[in-house]
Amino acid sequence: MSGESDCTRTSPSAGSPSDSELLPDRPKYVCTLSPDLVTKAREELQEKPEWRLRDVQALRDMVCKDYPSLGTCLDDAFLLRFLRARKFDYDRALQLLVNYHTCRRTWPEVFSNLKPSAIKPVLESGFVTVLPHRDPQGRHVVCIRPDRWTPSNYPITENIRAIYLTLEKLIQSEETQVNGIVILADYKGVSLSKASHFGPFVAKKVIGILQDGFPIRIKAVNIINEPRIFKGIFAIIKPFLKEKIANRFFLHGCDLNSLHQNIPPVILPEEYGGTAGKLDISAWNELLLASEEDFLRDFSELVLPCDSSPHDLLVSGDADEKQCDESLRGMKPQLYYCY
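Parameters at a glance
One numbering rule holds for all chains: residues counted from 1, following each sequence as written. Thresholds applied to this predicted model are a pLDDT of at least 70 for local features of residues and 80 or more for the giving and counting of side-chain atom pairs; totals over whole chains, interfaces and linings are not thresholded and use all residues. By convention in this description, side-chain values take in all heavy atoms of the structure and omit both hydrogens and water. Here a strand pair is declared whenever DSSP counts at least two bridges between the two strands. Strands here mean DSSP runs of E at least two residues long; helices mean DSSP runs of H or I at least four residues long; both are numbered from the N terminus. Angles here are taken between N-to-C directions and fall from 0 to 180 degrees, while the axes themselves are lines fitted to C-alpha atoms, restricted in helices to the stretch in contact. A 1.4 Å probe rolled over the protein chains alone gives each residue an accessible area, and that area as a share of the maximum for its type sets the label: buried under 20%, exposed over 50%, partly exposed in between. Residues are treated as being in contact if the distance between any of their heavy atoms lies within 4.5 Å. Salt bridge, as applied in this entry: a Lys or Arg side-chain nitrogen positioned within 4 Å of an Asp or Glu carboxyl oxygen. Orientation categories follow fixed angle ranges, with anything under 35 degrees roughly parallel, anything over 145 roughly antiparallel, 65 to 115 roughly perpendicular, and all other angles oblique. For any helix crossing, the convention is left-handed if the near helix is rotated counterclockwise from the far helix by under a right angle, and right-handed if that rotation is clockwise. Here the term charged refers only to Asp, Glu, Lys and Arg, the term nonpolar to Ala, Val, Leu, Ile, Met, Phe, Trp, Tyr, Cys and Pro, and the term polar to all other amino acids, Gly among them. Cavity means a closed set of points on a 1 Å grid over the protein atoms alone, one where a 1.4 Å probe fits but cannot get out, pocket means an open set with protein on both sides within 12 Å along at least 5 of 7 lines, and lining means a residue has an atom within 4 Å of a point. Grid points are joined across faces, edges and corners, and a volume is the space filled by probe spheres set on the points. Either an automatic procedure or a domain database provided the assignment from which the domain bounds are taken.

- Where an unreviewed UniProt entry is consulted, the protein appears under the name TTPAL protein, with the organism given as Hylia prasina.

Following this line, the structure appears as C-alpha cells:
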C-alpha cells in the first residue's frame, strides 16, 4: 500500500463514508495493558485511556497532512508506539515517526533485506539475546556481547541489523512500550582491532536510531567487564548522547555486586553472578526466527519515502561521513592510549 493512498482513505471529508467503512481490514485496537500498567502509563506517559484513540487519530491526521508520501503503517497499535515513546506529545511523536522512516532510507546496508533469517549467523554467535525474565520494573534485559563477533565473518552492520530486529520484536509488546528496556553489554575480550570498527560514523548512526529514530524507552545501559579500551569507545559515543541518556550509563567493570544493584541476580545467568542458570540464547533465537512472516508482512507496509526535507534527515550523506572520518582520525590516538 502507498502512504498517499492510506492518507487519502483515512481523512475522509464531511459526508464521506466513515474511516471504518473505508478501511474495513484495519485491525481494531484492543488494549492489552494490565490495570497497573494503565495507571503507570497515565502517570509516566500522560496516556489517558479515554483519549487514547483520539490521540492516535490526531497523529494520523498530522501524518496525512504533513507527510502524505511517508509510506507508513497507520494502524492504531503502530502509531501508539510513537505516542508512548514521546509521552503523547503529538509533534515529537510525529518527528520520531518521520525519523524512523528516514533511518531506514539512509542506511541500506542495515535495512535492506531486513528479516531474522538474514541475520541467523549473528543470532547463533550469541552477539545479542534477550534474557528470559523481566526485571522488577517489568523491563526486558537485552544482552549484547561484542566478544562473540568475529569481524572476518561479517561486517559490523550485521550486528546492528540483529539489534534492530530484536528491538522491533520487543516493541510489539505494549508492556515493553510502557516499561521500556534495559541493556546489559559485556565488553569482556574486546580488542583494539575490534573497537576500531565502531568509529564515529557508525556510532552516530546507531545512536541516532536509538535516541531519535526508534519508539523504545531505554531506561538503563549497564556495561560490564569493560577493558581500558572502552574509555576510547565511550569517548566516540558520548558526543552524540543526550544528557538524559548519558546519565543512564552505568560502568561496573568487573564488580558484579555493582551490577546486581541495577539488575537483580535472580534474573541474571550464572555468567554474571546470577541464579537463573546458564545463559541460553536458543529460546530468543527461536522466537525471533519464528517471527519471519510477521516481519515480512509488517515491513512490506513500510514504503521507503522517495523524498524528504533536509531537516528530516538524521545524517546528511557524504558530508557527515567525511566529518566522521576526520573525527575518527582524531580519536585513534585516544584508542591506542587507552589500550
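From this point, the narrative continues.
### Looking at the sheet that holds strand S2 (residues 140-144)
Moving on, step 1. The five strands lie next to each other as S1-S2-S3-S4-S5, forming an open sheet whose pairing is mixed. The open sheet has two edge strands, strand S1 (128-130) and strand S5 (249-251), and neither has a second partner. Between one strand axis and the next, the sheet turns by 20° as a mean value, whatever way the strands run.
Moving on, step 2. As paired strands, S1 and S2 are joined by three bridges and run antiparallel to one another. Considered in S2, the bridge of Thr129 is made with Cys143.

### Concerning the environment of Leu79
Moving on, step 1. Assignment of secondary structure puts Leu79 in helix H5 (residues 76-85).
Moving on, step 2. Given a relative accessible area of 0%, Leu79 falls into the buried group.
Moving on, step 3. A C-alpha to C-alpha distance of 8.3 Å links Leu79 and Leu97, two positions 18 residues apart in sequence.
Moving on, step 4. Residues in contact with Leu79, not counting those within four places in the same chain, are Val56, Leu59, Arg60, Cys73, Leu74 and Leu97.

### Here we look at the pattern of salt bridges
A side chain with one charge may pair with a side chain of the opposite charge, provided their charged atoms come close.
Moving on, step 1. Inspection of every chain in the model, using the stated rule, returns 15 salt bridges.
Moving on, step 2. Glu47 is paired through a salt bridge with Arg52; the nearest N and O atoms lie 2.6 Å apart.
Moving on, step 3. Using a relative accessible area of 7% as the deciding quantity, one classes Arg52 as buried.
Moving on, step 4. Among the ionic pairs, Arg134 bridges to Glu175, the shortest N-O distance being 3.7 Å. Of this pair, Arg134 sits in the loop between S1 and S2 while Glu175 sits in helix H10 (residues 174-179); the two residues are 41 residues apart in sequence, bridging distant segments of the chain.
Moving on, step 5. On the basis of relative accessible area, Arg134 is assigned to the partly exposed category, the value being 24%.
Moving on, step 6. A single network of salt bridges, built from pairs that share partners, joins Glu47, Arg52, Arg84 and Glu174.

### Some remarks on the packing of H5 against helix H6 (residues 90-106)
Moving on, step 1. At a minimum axis distance of 8 Å, the contact between H5 and H6 shows a crossing angle of 120°. Between H5 and H6, the crossing angle belongs to the class labelled oblique. For the pair H5 and H6, the crossing hand works out as right-handed. Judged by residue contacts, Phe78, Leu79, Phe82, Leu83 and Ala85 of H5 engage Tyr90, Ala93, Leu96, Leu97 and Tyr100 from H6.
Moving on, step 2. Partitioning the contact of H5 with H6 into residue classes produces ten nonpolar, no polar and no charged.

### With respect to the layout of surface pockets
Moving on, step 1. Of the pockets and cavities examined, the largest pocket occupies roughly 510 Å³.
Moving on, step 2. Lining the largest pocket we find 25 residues, and of these Asp75, Ala77, Phe78, Arg81 and Asp298 sit closest to its centre.
Moving on, step 3. Secondary structure elements with two or more residues in the lining of the largest pocket: H5, H10 and helix H17 (292-300).
Moving on, step 4. Partitioned by chemical class, the residues of the lining of the largest pocket number eleven nonpolar, three polar and eleven charged.
Moving on, step 5. Mapped onto the domain boundaries, the lining of the largest pocket takes at least three residues apiece from domain 1 (35-106) and domain 2 (113-292).
Moving on, step 6. Approximately 440 Å³ is the volume attributed to the second largest pocket.

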